[in-house]
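# Observations on the model geometry
Chain residues, written in single-letter form:
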Amino acid sequence: VGHPSTKNQKKARLNALRVAQEEYSTIPHSFVFHRGQVGRNVGQLVMDVRRVMEPFTARSLKVRKSNVLKDFVSVAGPLGVTHFVVFSKTPTTVNMRLARLSKGPTMYFKVLKYTLIKDVVSSLKRHRMHQQQFTHHPLLVLNDFGMEGMQVKLMATMFQNMFPTINVHKVNLNVIKRCVLLNYDRVSQEIEFRHYSLKVVPVGMSRGVKKLMQERFPKMSRLEDISELLMKGANLSESEAEQDGEHNITELPQVFSGRGNMCSEQSAVRLTEIGPRMTLKLVKIEEGLGEGNILYHSLVSKSDEELQEMLKKKEVKLKQKEERKKQQEQNIAKKREKREENKKKSLAGMKKKHQQQEEDTDSEVEDPGQHEDLAVADQSDDEAEYYRQAVGEEPDEDMFPTAKRKMSLNKSPRPFKKRKLSTGRESAKMGKKNKGGPKAKHSGKSGDKGQPGEQKQRNQKGSKKFGVKKGEKGLKFKGQKGGAKPAFKKGPGARGVNKT
């Protein structure tokens, strides 16, 4: 079980975290990506340049075809990204853009030649490249960028701001393991980009002593004494030691990692190229993030009059853009007002409908049987309609009284009218009155009005035949001449009137 951290250790961790956050906000960060179809080799060049810019770059940045430059700009702000390195390819050339966020400038370079890391390493007999070299940013060295010219000064400033600054008095030499060299050629106006691995070895001693100072101890099985190794340098080839001179020998200001590299002692700084290589040529410099005025162009030169004319055209375009923006804002405001107005109307309609529904529910509470009566009346209407289709005649008014009730519910109240008796009932009453008098002669016609007694007898016979008890009256159909017809039998098997 580990010991709990003490109070001083906790304070030291918090202090280190605070310092790291402050340094992170001041150190430049970069995105290295490509736009469009670039091919396998240029894609590998993008990965190699990311390797150079480590650790302050997005090593695993994923780029999709649908991504545009605005997508990268929107993501760069929260992540603290300050520079873009964008590669693109045309059928004839490979191009590279360096952009400073968020106000520019943007520099366009033409990649004349390039060599990948794998090609550089494979060409060396001994290479020094390991993962620990990429835990710290490289040392930037600019050569011959002090000449007159606005474009050269802008290039030097851009390259310097891409890498973290170094305080000479506080820097720790042990963390510097790599070096980036940019050499400007005044004649051809080309920039040579090189990436080296840095190594420091002591000088002023024989090759045998240097061999002893290395990690791998030499074989001494054939030697009788160690003096043979120190004095003669037996079994050592001439190629094992590089020729050091005044160009790479310096006095160390502090102890450097490695055996024999002591403070205030002479040591040699050796560089081993690890790639990639690039030969660049500046094409133009543009204000902003790819959409400003052209500050410099290596192929096109314009007079002052042409520049003034271009500035006027640009001002006109800016004014038109502002007018379009104002018009769009006005249209948006009108649409918003119209939407609010429609919303108010909709709410008012919903409120009115809600009130109407409440009134309907109140009326239903006052007269709960009204809906039941209407439902029964609807059912009676269906039965009357079925009767019309089956018999082919209109039903009697007394057969379906609920249908009539529905009509009375829907209509406004009117004064009551006395109901007239039908022809059959009138004839029956007249027969009762004339029962005691002389009988009329039989003419042989069943529908004759002058024979009420015979009609009554026929009605009684018909009622017996159709299952009506004696003394009951039959049904009277609308438009019937003479007495009432036999009763209509209702039931599941009845489809009409049984006429026999």
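Quantities reported herein were computed from a predicted structural model and do not represent experimental measurements.

A few words now on the overall build of the protein chain. Each helix and strand in the protein chain was counted, giving twelve helices and eleven strands. Every one of the 500 residues in the protein chain was classed for burial, and the buried ones make up 26%. For the protein chain, the share of sequence-separated contacts (at least 6 apart) that also reach a separation of at least 24 residues comes to 63%. Working note: accessible area of the protein chain is about 36600 Å², and carbon and sulfur atoms make up 52% of it.

To continue, consider the pattern of salt bridges. Pairing is possible between side chains of opposite charge, provided their charged atoms come close. Across all of its chains, the model carries eight salt bridges by this definition. Of the charged contacts, one joins Glu273 and Arg194 as a salt bridge, the two residues approaching to 3.9 Å between their closest N and O atoms. A residue pair is termed long-range when its members are at least 10 positions apart, and Glu273 in strand 9 (residues 266-273) and Arg194 in strand 7 (residues 190-202) qualify at 79 residues. Residue class for Glu273 comes out buried when judged on its relative accessible area of 12%. For the salt bridge of Lys345 with Glu341, the shortest nitrogen-to-oxygen distance reads 3.8 Å. Here Lys345 pairs with Glu341, and both are found in helix 8 (residues 304-366), just four residues apart, close to one helical turn. Among the residues examined, Lys345 registers a relative accessible area of 55% and is labelled exposed. Among the charged side chains, a salt-bridge network with shared partners connects Glu192, Arg194, Glu273 and Arg277.

Right, let's get into a positive patch on the surface. The grouping of Lys70, Lys321, Arg324 and Lys325 at the surface amounts to a positive patch. A per-element tally of the positive patch places helix 8 first, with three residues. Among the structural elements, Lys70 can be located in helix 3 (residues 69-79). Judged by relative accessible area, which is 68%, Lys70 ranks as exposed.

The next subject is the pairing of strand 2 (residues 83-89). Counting buried positions along strand 2 gives six out of seven residues, so the element sits mostly inside the fold. Inspection of the sheet shows strand 1 (residues 30-34) paired to strand 2 by five bridges, in the parallel sense. Note that in strand 2 the partner of His34 across the bridge is Phe87. Where strand 2 lies against strand 3 (residues 94-100), seven bridges are found, and the strand directions are antiparallel. Looking across to strand 3, one finds that Lys89 is bridged to Val94.

Core analysis: the largest hydrophobic core is formed by 35 residues, its most contacted members being Phe87, Met96, Leu98, Phe109, Met155 and Ile191. Broken down by secondary-structure element, the contributors of at least two residues to this core are helix 2 (39-53), strand 2, strand 3, strand 4 (106-115), helix 5 (150-162), strand 6 (178-185), strand 7 and strand 10 (277-286). Beyond its immediate sequence surroundings of up to four residues, Phe109 is in contact with Val94, Asn95, Met96, Leu98, Met155, Phe159, Ile191, Leu280, Lys281, Leu282 and Val283. Counting residues in each nonpolar core, the second largest holds ten residues, with Leu61, Ala76, Phe84 and Leu101 among its members.

Together, Glu358, Glu359, Asp360 and Asp362 line one region of the surface with negative charge. As for its position among the elements, Asp362 is in helix 8.

A few words now on the side chain of Thr272. Relative to the assigned elements, Thr272 resides in strand 9. Residues contacting Thr272, with those up to four places away along its chain left out, are Leu124, Arg126, His127, Arg128, His195, Tyr196 and Ser197.

A word on the environment of Phe134. As for its position among the elements, Phe134 is in the loop between helix 4 (117-123) and strand 5 (139-143). Taking the C-alpha atoms as reference, Phe134 lies 8.1 Å from Val52; in sequence the two are 82 residues apart. Excluding anything up to four places from it in sequence, Phe134 contacts Arg51, Glu54, Pro55, Met129, Arg178, His195 and Ile274.

With that settled, the discussion passes to the packing of aromatic side chains. For the coordinates displayed, the defined rule picks out six aromatic pairs. Judged by centre distance (4.1 Å) and plane angle (5 degrees), the rings of Phe33 and Phe72 are stacked. Taken together, the residues Phe33 in strand 1 and Phe72 in helix 3 connect sequence positions 39 residues apart. For the pair Phe33 and Phe72, a shared accessibility class is recorded, and that class is buried. Taking 5.6 Å as the distance between ring centres and 40 degrees as the angle between the ring planes, the aromatic pair formed by Phe145 and Tyr184 counts as tilted. A residue pair is termed long-range when its members are at least 10 positions apart, and Phe145 in the loop between strand 5 and helix 5 and Tyr184 in strand 6 qualify at 39 residues. Neither Phe145 nor Tyr184 differs from the other in exposure class; each is buried. Taken together, the ring pairs in this structure connect Phe31, Phe33, Phe72 and Phe84 into an aromatic cluster. Between Lys284 and the ring centre of Tyr108, over which it is positioned, the NZ or CZ distance is 4.7 Å.

Reading the values: the criteria
- Residues numbered from 1 in each chain as written.
- Predicted model: local features only at pLDDT ≥ 70, side-chain atom pairs only at ≥ 80, totals over all residues.
- Heavy atoms only, no water.
- Helix = DSSP H or I, 4+ residues; strand = E, 2+ residues; numbered from the N terminus.
- Buried < 20%, exposed > 50% of the residue type's maximum accessible area, 1.4 Å probe, protein only.
- Contact = heavy atoms within 4.5 Å.
- Areas by Shrake-Rupley, 256 points an atom, 1.4 Å probe, with all protein chains shown as cover.
- Salt bridge = Lys/Arg side-chain N within 4 Å of Asp/Glu carboxyl O.
- Patch = residues over 30% accessible without salt bridge, like charges linked within 9 Å, V, L, I, M, F, W, Y side chains within 5 Å.
- Lys, Arg positive; Asp, Glu negative; His and termini not counted.
- Charge placed at Lys NZ, Arg CZ, Asp CG, Glu CD.
- Pairing = 2+ DSSP bridges.
- Core = buried A, V, L, I, M, F, W, Y, C linked by side-chain atoms within 4.5 Å.
- Phe/Tyr/Trp six-rings, centres within 6.5 Å; stacked < 30°, edge-to-face > 60°.
- Lys NZ or Arg CZ within 6 Å of the ring centre and 35° of its normal.

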